[in-house]
Amino acid sequence: MEILVYGIGGVGGYFGGKLANAGLNVSMIARGEHLKQIQKHGLEVESINGNFKVKLKVATSEISEVPKPDLIILGIKSWQIPAVAKELKSIIGENTMILPLQNGADNVEKLLKILPGKNVLAGLCFVVSFIEKPAKIKHTAFDPKITFGEIDNSQSGRILELKKIFDKAGIDNSIPENIQLEVWKKFMFICTVSGIGGLTRVSIDKIRESDYLFGMMKKSAKEIIEVGKAKGVPLKDTHLEMVFEIINSQPKGNTASTQRDIMNGKPSELYNFNGYIVKEGKKYGIETPVNRYIYECLKPMEEEARKTKE
Ligand SMILES: NC(=O)C1=CN([C@@H]2O[C@H](COP(=O)(O)OP(=O)(O)OC[C@H]3O[C@@H](n4cnc5c(N)ncnc54)[C@H](OP(=O)(O)O)[C@@H]3O)[C@@H](O)[C@H]2O)C=CC1
Ligand SMILES: CC(C)(CO)C(=O)C(=O)O
């Protein structure tokens, strides 16, 4: 199987690295100094589960240089999907699978606007990882996991084949009954902690110590659940409790990747997270005052970050 990983940051670098380390045919698309160093020295992954270094079949910034892929894993940010999806048109074949691992609730929707439905899978992942320096990925927390499936939730042959690939690479993975539900459960968690984390600039354990902020997280998550339900996602109040179990179990110092981007003045996934809830809330007539507050407070900084860094 020819695998292309597009975007070699925390997620693409960690999971792409694991696949390459298992001897699979992995090509990578990266750019800048990061790419130069990967081409020169390979990609290094320092992980709490064991370090490794891989040399890649192809590492490039040019889509025309990669072999025709059977599987494309997207390691870019959710707001980068439309631009990358347009580029992918030139290399996908009848049977190419495209697996988004981004946080956010509408990644599949975005892909389907540009690419044929038969090529698109749905997915998400858990890991805390980032580029520590060019050509080096650091995994610092979470037992990494990929959850994935067909967008119609069928247990197709290709999905089961993909499971074997992840198993071979030692990547914990699962195919849930309803992938959209899993995407939204994760989204409820990540949107809640990232927005308030972006505003307070402290780790999740510090946020939950404050009754006021904990209450704000609850209100934010409730708004997200209502928007999800309005969109037909089978979310229940028990999912809210599950999300808060995850929030309550976060070890000291954990932050979400989007929060780290906000704190570092980088373009973040704000528009795709709290901004998305505000937009969809309006569409479905659902009040989203907490998400609106977070979104409006963080938006000016986001606009600045996009002016300077995009
Ligand atoms: N990091 C984490 O711990 C987790 C992240 N996620 C989610 O995964 C997604 C990816 O996040 P993360 O890995 O942190 O993001 P990163 O910013 O670390 O990685 C994205 C990478 O994609 C590269 N990229 C984007 N566009 C292009 C392009 N056109 N050509 C070449 N390279 C490109 C970026 O390069 P450049 O920097 O030059 O723009 C960057 O290296 C997000 O949706 C995030 O929310 C989910 C779980 C955990
Ligand atoms: C919270 C976490 C680490 C879970 O994978 C995540 O998704 C992120 O930081 O973006």
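Residues numbered from 1 in each chain as written. Chains lettered and ligands numbered in written order. Predicted model: local features only at pLDDT ≥ 70, side-chain atom pairs only at ≥ 80, totals over all residues.

Asks: I'd like to hear about the UniProt feature "domain: Ketopantoate reductase C-terminal" (unreviewed entry) in the protein chain, residue by residue, with values.
Replies: In the numbering used here, UniProt assigns the "domain: Ketopantoate reductase C-terminal" (unreviewed entry) feature to residues 178-302. Along residues 178-302 one finds 74% helix and 0% strand; the C-alpha atoms at either end are 33 Å apart. (UniProt positions renumbered as here; feature names shortened; annotations may be inferred. Helix = DSSP H or I, 4+ residues; strand = E, 2+ residues; numbered from the N terminus.)

Asks: How would you sum up the sheet that holds strand β5 (residues 58-60)? Please name residues and give values.
Replies: Within a sheet, neighbouring strands are paired by backbone hydrogen bonds and run either parallel or antiparallel to one another. Sheet architecture is open: five strands sit in the order β5-β2-β1-β6-β7, paired in parallel fashion. Edge positions in the sheet fall to β5 and β7 (97-100), since each has one partner strand and no second. This sheet shows a mean twist of 15° between the axes of neighbouring strands, independent of strand direction. Strand direction decides the pairing type here: strand β2 (residues 25-29) and β5, joined by three bridges, are parallel. When the bridges of β5 are listed, serine 27 appears paired with valine 58. (Pairing = 2+ DSSP bridges. Axes fitted to C-alpha atoms, helices over the stretch in contact; angles between N-to-C directions.)

Asks: So, the pairing of strand β6 (residues 71-74): which residues are in play, and what are the values?
Replies: Because side chains alternate across β6, one face comprises the buried residues Leu71 and Ile73, and the other comprises Ile72 and Leu74, equally buried. For strand β1 (residues 2-6) and β6, the ladder comprises four bridges, and the chain directions are parallel. By the bridge assignment for β6, isoleucine 3 is matched with leucine 71. Across four bridges, the pairing between β6 and β7 is parallel. The partner of isoleucine 72 across the bridge, within β7, is isoleucine 98. (Buried ≥ 20, exposed ≤ 12 C-beta atoms within 10 Å, placed from the backbone.)

Asks: Explain the domain arrangement of the protein chain to me, and be specific about the residues and the numbers.
Replies: Structurally, the protein chain comprises domain 1 (2-177) and domain 2 (181-309). Computed from C-alpha coordinates alone, the two centres of domain 1 and domain 2 are separated by 24 Å. Across the boundary between the two partners, domain 1 contributes 14 residues, which contact 15 residues of domain 2. Contributions of two or more residues to the side of domain 1 that touches domain 2 are made by β8 (121-133) and β9 (136-150). Broken down by element, the residue count for the side of domain 1 that touches domain 2 peaks at three residues, all from β8. Along the lines of polarity and charge, the residues of the side of domain 1 that touches domain 2 split into seven nonpolar, five polar and two charged. (Domains from an automatic or database assignment. Contact = placed C-beta atoms within 7 Å. Nonpolar A, V, L, I, M, F, W, Y, C, P; charged D, E, K, R; others polar.)

Asks: Before we move on, could you go through the site of ligand 1 and cite the residues and values that matter?
Replies: Taken together, 30 residues surround ligand 1, and among them Gly7, Gly9, Gly10, Gln102 and Asn103 come closest. For the shell around ligand 1, the secondary structure elements donating two or more residues are α1 (10-21), α2 (32-41), β8 and α10 (257-263). Considering each element in turn, the shell around ligand 1 owes the most residues, six residues, to β8. A breakdown of the residues in the shell around ligand 1 according to their chemical character gives twelve nonpolar, 15 polar and three charged. Each of domain 1 (2-177) and domain 2 (181-309) accounts for three or more of the residues forming the shell around ligand 1. (Near = placed C-beta within 6 Å.)

Asks: Just give me the short version of the nonpolar core, but keep the residues and values in it.
Replies: In this structure, Met28, Ile72, Ile73, Leu74, Ile98, Leu99 and Met188 are the most contacted members of the largest nonpolar core, which totals 85 residues. Ranked by residues supplied to this core, first place goes to helix α6 (residues 179-200) with ten residues. There are two domains that each give this core at least three residues, and those are domain 1 (2-177) and domain 2 (181-309). When neighbours within four sequence positions are excluded, methionine 188 is seen to be in contact with Ala221, Ile224, Ile225, His239 and Val243. (Core = buried A, V, L, I, M, F, W, Y, C linked by C-beta atoms within 7 Å.)

Asks: Explain the UniProt feature "domain: Ketopantoate reductase N-terminal" (unreviewed entry) in the protein chain to me, and be specific about the residues and the numbers.
Replies: Those residues carrying the UniProt feature "domain: Ketopantoate reductase N-terminal" (unreviewed entry) are residues 3-152 in this numbering. Each end of residues 3-152 is marked by a C-alpha atom, and these two atoms are 23 Å apart; helix forms 24% of the span and strand 37%.

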